[in-house]
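# Residue-level structure breakdown
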Amino acid sequence: MIGVGLLLIAVSVSYWAILVYLPPAMQSAFGWHANRTGLALLAATAPMLIVPPIGGHLVMRIGWRWHFAHSLAILAVGNLLLLASLWRTDTAETLVLMLAGMAAIGSGAALAHPQLSGALLALAPPDRSGMASAMTIVARQGGFALGIAALAAVGGGQAFEGIFATAASTAVLGVLAAIFLLPADR
């Protein structure tokens, strides 16, 4: 249960909290206004509508440990692509890397997030299922709030390199938590 709780926090930091920093990062990189920025954010949010059913099938095939390890690895790669987009001077390269990074973080979160609640409830004894359900809410919301605050402290609100690097590192820690703290079976 500790492993799943850590994964909930890792997803909250490396996806949900990053959504707070993507609009100012895009506006800074491209000089975009809110309408164009909001449209581009579909690359990060649309996977939440499409990908979750795939996660259910993957858990049944490869088990929780490897499913969550892969999902968090996708989140790490997505944040690294966002980081790489900041180092490009060509606007087209920056846009491609940023959109690819957003699609990757959206896909990684969509693979992991819905399955984490089920994993936590499956691991909890039946008489503790209410407590386990509450733990998912606390870990998600707490991870989101702490993630926003921690990323702001690291990046000062505008140092997007530090923000994306920290989010990628948090996702890598999530990969390690999945590998070492989750049971091999589903």
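Now for a description of the structure that goes with this document.

### A look at the overall build of the chain
Per the secondary structure count, the chain includes eight helices and zero strands. Its helices and strands taken in sequence order, the chain reads α-α-α-α-α-α-α-α from the N to the C terminus. A compact globule built from 186 residues should have a C-alpha radius of gyration of about 16 Å, and the chain, at 16 Å, falls within 12% of that. On the principal axes, the C-alpha backbone points of the chain span a range of 55 × 30 × 30 Å.

### Re the packing of aromatic side chains
Under the criterion given, the structure shown has three aromatic pairs. Centre to centre, the rings of Tyr-15 and Trp-16 are 4.8 Å apart; their planes meet at 80°, and the pair counts as edge-to-face. Judged by its relative accessible area of 29%, Trp-16 is partly exposed. Each ring, one from Phe-30 and one from Trp-32, has its centre 4.5 Å from the other, and the planes form 25°; the classification is stacked. Judged by relative accessible area, which is 16%, Phe-30 ranks as buried.

### Focus on the packing of helix 7 (residues 129-155) against helix 8 (residues 160-181)
Their axes nearest at 7 Å, the elements helix 7 and helix 8 cross at an angle of 135°. Considering their axes alone, helix 7 and helix 8 lie oblique with respect to each other. Where helix 7 crosses over helix 8, the two elements pack in a sense that is right-handed. Residues Leu-151, Val-154 and Gly-155 of helix 7 form the contact with helix 8, whose participating residues are Gly-162, Ile-163, Thr-166 and Ala-167. Its residues assigned to classes, the contact of helix 7 with helix 8 comprises four nonpolar, three polar and no charged.

### A few points about the nonpolar core
Counting 48 residues, the largest nonpolar core has Ile-18, Leu-22, Met-26, Phe-68, Leu-72, Met-102 and Phe-164 as the members making the most contacts within it. Among the secondary structure elements, those contributing two or more residues to this core are helix 1 (2-30), helix 5 (52-85), helix 6 (91-123), helix 7 and helix 8. In terms of residue count, helix 1 provides more of this core than any other element does, 14 residues in total. Leaving out residues up to four positions away in the same chain, Phe-164 has contacts with Ile-18, Leu-22, Ala-25, Asn-79, Leu-82, Leu-83 and Leu-86.

### Quick look at the pattern of salt bridges
Scanning the entire structure with this criterion turns up one salt bridge. Here Arg-88 ties to Glu-93 by a salt bridge, and the two come within 3.5 Å at their closest N and O atoms. Given a relative accessible area of 42%, Arg-88 falls into the partly exposed group.

### Some thoughts on the side chain of Ser-14
Following the sequence through the fold, Ser-14 ends up in helix 1. In terms of polar contacts, Ser-14 uses its side chain to reach the backbone carbonyl oxygen of Ala-10, at 2.6 Å. In this structure, Ser-14 is in contact with Leu-72, Leu-75, Asn-79, Ile-105, Ala-167 and Ala-171, ignoring residues within four places of it in sequence.

Criteria and cut-off values
Residues numbered from 1 in each chain as written. Predicted model: local features only at pLDDT ≥ 70, side-chain atom pairs only at ≥ 80, totals over all residues. Heavy atoms only, no water. Helix = DSSP H or I, 4+ residues; strand = E, 2+ residues; numbered from the N terminus. Rg over C-alpha atoms; globule rule 2.2 N^0.38 Å. Phe/Tyr/Trp six-rings, centres within 6.5 Å; stacked < 30°, edge-to-face > 60°. Buried < 20%, exposed > 50% of the residue type's maximum accessible area, 1.4 Å probe, protein only. Axes fitted to C-alpha atoms, helices over the stretch in contact; angles between N-to-C directions. Parallel < 35°, antiparallel > 145°, perpendicular 65-115°, else oblique. Left-handed = near helix turned anticlockwise from the far one by under 90°. Contact = heavy atoms within 4.5 Å. Nonpolar A, V, L, I, M, F, W, Y, C, P; charged D, E, K, R; others polar. Core = buried A, V, L, I, M, F, W, Y, C linked by side-chain atoms within 4.5 Å. Salt bridge = Lys/Arg side-chain N within 4 Å of Asp/Glu carboxyl O. Polar contact = N/O pair within 3.5 Å; in protein donor to acceptor, adjacent residues only side chain to side chain.

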